[in-house]
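Here is what each chain is made of, one letter per residue.
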2 protein chains.
Amino acid sequence: MSSQLAPVTLGDLQRPVRARLERVPLELQRIVAADFGLIAEVNAHLFQMQGKLFRPTLLLLAEEAAGVRDVRSITLAAVIELIHLATLVHDDSVDHSVLRRGMPTINSLFSHQVSVIMGDYLYSRAVIELVGLDDLEPLRVLSRVTNEMTVGEMRQLLAHEPLEFSEQSYDLLIQAKTASLLSGACEVGALRAAPPARRALRRFGGALGMAFQIVDDVLDYTGDPSVTGKPTGSDLREHKVTLPLIAALPRMDPAGRRQVDVLMASAEPEDALIEEVIAAVGEAGGLEYARERALLLAQQADAELEVLPPSPARDALRASITYVVDRRR
Amino acid sequence: MSSQLAPVTLGDLQRPVRARLERVPLELQRIVAADFGLIAEVNAHLFQMQGKLFRPTLLLLAEEAAGVRDVRSITLAAVIELIHLATLVHDDSVDHSVLRRGMPTINSLFSHQVSVIMGDYLYSRAVIELVGLDDLEPLRVLSRVTNEMTVGEMRQLLAHEPLEFSEQSYDLLIQAKTASLLSGACEVGALRAAPPARRALRRFGGALGMAFQIVDDVLDYTGDPSVTGKPTGSDLREHKVTLPLIAALPRMDPAGRRQVDVLMASAEPEDALIEEVIAAVGEAGGLEYARERALLLAQQADAELEVLPPSPARDALRASITYVVDRRR
């Protein structure tokens, strides 16, 4: 999917839905508003670390591309971001992460306790908001997605045994952890569309999400820390097994495999060892394999859009594939 | 509410709904069933530590007392217990508790990470199940209850400053943390009843829940550790300010207040100091005051039942008040 032209920016994708997207942050603030001081304080911090609204963007683009309009879509877009936010708050707490989007995480700034409770607060607010729409359909999609994400998180906890963690397990993990919410965003945007368009957009989001996570995992090996904002090799340091390593292992020589064993057995692996394993994974073709799988998924995502009529929103969804595959962070 | 007769047992209350209540554990197992090994393992442990089903009992009794029958009530009763369970899993993780119902907690047996994710898993399963009932009413009640419980947990985190934590704050805390779910259980049982009965049962559950928590907090001061299963004075040890202390403080002499200050400033207060503060709270009338408030709430709960026609289920709800107020653990 790489192009020789200027790279696609998030701003490019967001153009067809810009006006509506700009209303999402305020809607999100309305939904999570709290009287209780401590919750209001955490909310204020969460708004400072506001993300790129990629999932709301997909939801609104899917809606436009499906040719439907739903008065509830700003609310639905805010709820998608809210579910994402609730997940991040719990993930950071589970991973003991200190930084997120360049800002201190809730667990580091407040406490681990506040993070656990705050994630629950945000998620239950999302459910209340969905109930208030007086329609079970968005809830049906999003409660399944949320549950799938928790299964993905559980799978993640066990993804530390390179010899036992297969590509199939990896696929199940990234499907549950990442693809499910992107797929849900696209499907919820198209709830009022005809079933074939709704199904196509759900599958589009799923394939895009799988590609998104694979690219993320490749960037962990190859990314420029000054661009990605985190040190190269973080996953290896935390003993997280991802696709590049899974693909490389069977093709690595015994010396390379021994290095992987040493790294996985070391509580705090040295930078030099991490660099050597990164190099060995590259030489064994692990990065190339992962990039090819991401491109294949990108093609699948692209093909799903064929069923939709041409429109600026469909073009933007197509561009979102390039954005995901070509991104540097 | 104390009686000279044999104490009311949970078995007594459960008699009118016994046959249906016995189906709840299996229904709960069906709802949370998981393919993924780690989740199935945690589920198995949770079933070993199964509780007394007090909330499902209230739901089923409320339904019978309101004279309605709902084919969904076994499922709703299981969902109420599931929401309670999800809350306990996160609470234990937040409090770093080691034991629950005499068994190791999920955080101590597995890990803190597993607890956070498992609580999310259980709660999202509850939402999926409610969505599957194709009716927004139970979700409307229970999503608000769940959100209220998270606010209660946040309030709990700040309930460590005896001079700043008022009786009004305490009331808001126990309303959110405990009464909301008991109230929700009774209301969901009566969803198909006429509005006055539904409202009365909701208020009944709320007053019962407030009394329940106050009695719990009094037992922490007075309970026999061999019966309650936890050492006397646990709340003071963890610097949790509850009603007995709030009520006693203004009536304590300067020496007593100084002891409270020393205890609250001490990271690990000595047993002797805890015993002295317990004695001082008793002498200043704090325990008596708390017991009287519990009895007042018990009377309010009792009065709410007047609107319902006489029935064995109404008698059992009445007996549940005595059970709550007279319990020793």
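Residues numbered from 1 in each chain as written. Chains lettered and ligands numbered in written order. Predicted model: local features only at pLDDT ≥ 70, side-chain atom pairs only at ≥ 80, totals over all residues.

A closer look at the overall build of chain A
Here is step 1: Counting its secondary structure elements, chain A contains 18 helices and two strands.
Here is step 2: Since a compact globule built from 329 residues should have a radius of gyration of about 20 Å, the 20 Å found for chain A is in line with a globular shape.
Here is step 3: Along the first, second and third principal axes, the C-alpha atoms of chain A reach 60 × 50 × 35 Å.
Here is step 4: Within the span of chain A, comprising 329 residues, buried residues form 51% of the whole.
Here is step 5: Counted over contacts in chain A with a minimum sequence separation of 6, partners at least 24 positions apart contribute 75%. (Helix = DSSP H or I, 4+ residues; strand = E, 2+ residues; numbered from the N terminus. Rg over C-alpha atoms; globule rule 2.2 N^0.38 Å. Buried ≥ 20, exposed ≤ 12 C-beta atoms within 10 Å, placed from the backbone. Contact = placed C-beta atoms within 7 Å.)

Description of the interface of chain A and chain B
Here is step 1: Listed by partner, the interface residues are 32 residues for chain A and 32 residues for chain B.
Here is step 2: Contributions of two or more residues to the side of chain A that touches chain B are made by helix H4 (37–48), helix H6 (73–95), helix H8 (112–132) and helix H9 (136–157) of chain A.
Here is step 3: When residues in the side of chain A that touches chain B are grouped by element, the largest group, 13 residues, is from H9 of chain A.

Structural notes on unusual backbone geometry
All names here are of chain B.
Here is step 1: You will see that His96, though not glycine, has its phi angle at about 55 degrees, which is positive.
Here is step 2: Inspection of the secondary structure puts His96 in the loop between helix H6 (73–95) and strand E1 (99–100).
Here is step 3: On the basis of neighbour counts, which here come to 12 C-beta atoms within 10 Å, the residue His96 falls in the exposed class.
Here is step 4: A positive phi angle, near 60 degrees, is found at Asp134, a position not held by glycine.
Here is step 5: Its place among the elements puts Asp134 in the loop between helix H8 (112–132) and helix H9 (136–157).
Here is step 6: On the neighbour-count criterion, Asp134 (9 C-beta atoms within 10 Å) is exposed.

A few points about the nonpolar core
Here is step 1: Grouped together as the largest cluster of nonpolar side chains are 218 residues, with contacts concentrated most on Ala211 of chain A together with Ala211 of chain B.
Here is step 2: In terms of domain composition, this core takes at least three residues from each of domain 1 (1–134) and domain 2 (148–308) of chain B. (Core = buried A, V, L, I, M, F, W, Y, C linked by C-beta atoms within 7 Å. Domains from an automatic or database assignment.)

Focus: the relation of the copies chain A and chain B
Here is step 1: Overlaying chain A on chain B yields an RMSD of 0.0 Å, the required transformation being a rotation through 180 degrees with an accompanying axial translation of 0.0 Å. Expressed as an axis order, the relation between the two copies is that of a two-fold axis.
Here is step 2: Counting the interface residues of chain A, we find that 100% of their copies in chain B are interface residues as well, pointing to one common contact surface. (Least-squares fit on C-alpha atoms with pLDDT ≥ 70 in both.)

Let's talk about the environment of Met154 of chain A
Here is step 1: Tracing the chain through its elements places Met154 of chain A in helix H9.
Here is step 2: Placed 34 residues apart in sequence, Met154 of chain A and Asp120 of chain A show a C-alpha to C-alpha distance of 17 Å.
Here is step 3: If we ignore the near neighbours within four places in the chain, the residues touching Met154 of chain A are Phe36, Leu38, Ile39 and Ile117 of chain B.

Topic: helix H4 (residues 37–48) of chain B
Residues and elements named next belong to chain B.
Here is step 1: Given a rise of 1.5 Å per residue, twelve residues ought to cover 16 Å, and the 17 Å separating the end C-alpha atoms of H4 matches this to within 8%.
Here is step 2: Turning to H4, its buried residues are Ile39, Val42 and Leu46. Around the axis of H4, the buried residues are gathered within 65 degrees of arc, so they sit on the same side. The outward face of H4, more than 90 degrees from its buried face, is lined by the exposed residues Gly37, Ala40, Ala44 and Gln48. (Expected span 1.5 Å × (residues − 1). Arc of directions from axis to C-beta.)

Description of H8 of chain A
For an α-helix, the turn length of 3.6 residues means that residues three or four places apart are oriented alike.
Residues and elements named next belong to chain A.
Here is step 1: Helix length check: H8 (21 residues) gives 31 Å between terminal C-alpha atoms against 30 Å at 1.5 Å per residue, within 8%.
Here is step 2: When you tally the buried positions in H8, you get 18 out of 21 residues, the bulk of the element.
Here is step 3: Asp134 sits one or two residues past H8 and shows a positive phi near 60 degrees.

Quick notes on the packing of H6 of chain A against helix H10 (residues 167–189) of chain A
Residue and element names in this part refer to chain A.
Here is step 1: Interaxial distance between H6 and H10 falls to 10 Å at its minimum, and their mutual angle equals 170 degrees. With respect to each other, H6 and H10 are oriented roughly antiparallel. Contacts between H6 and H10 involve Ser73, Leu76, Ile80, Ile83 and His84 from the first element and Leu181, Ala185, Val188 and Gly189 from the second.
Here is step 2: Taken together, the residues of the contact of H6 with H10 break down into six nonpolar, three polar and no charged. (Axes fitted to C-alpha atoms, helices over the stretch in contact; angles between N-to-C directions. Parallel < 35°, antiparallel > 145°, perpendicular 65-115°, else oblique. Nonpolar A, V, L, I, M, F, W, Y, C, P; charged D, E, K, R; others polar.)

Side note on the confidence of the model for chain A
Here is step 1: Within chain A, residue pLDDT values average 93, and 98% of them lie at 70 or more.
Here is step 2: Overall fold confidence for the complex sits at a pTM of 0.94, while the interface term, ipTM, reaches 0.94. (pLDDT = per-residue confidence, 0-100.)

Structural notes on the environment of Val131 of chain A
Here is step 1: Mapping Val131 of chain A onto the fold places it in helix H8.
Here is step 2: According to the C-beta neighbour criterion, Val131 of chain A is buried, with 24 such atoms within 10 Å.
Here is step 3: For the pair Val131 of chain A and Ala19 of chain A, spaced 112 residues apart in sequence, the C-alpha to C-alpha distance is 26 Å.
Here is step 4: In contact with Val131 of chain A, other than residues within four places in its own chain, are Leu136, Leu139, Arg140 and Ser143 of chain B.

Focus: the environment of Phe54 of chain B
Here is step 1: Summarising the element assignment, Phe54 of chain B is placed in helix H5 (residues 54–65).
Here is step 2: For Phe54 of chain B, a count of 20 C-beta atoms within 10 Å puts it in the buried group.

Focus: the packing of helix H11 (residues 195–222) of chain B against helix H17 (residues 286–304) of chain B
All names here are of chain B.
Here is step 1: Relative to each other, H11 and H17 sit at 160 degrees, their axes nearing to 8 Å. Of the possible angle classes, the one that applies to H11 and H17 is roughly antiparallel. In this structure, the crossing between H11 and H17 has a hand that is left-handed. (Left-handed = near helix turned anticlockwise from the far one by under 90°.)

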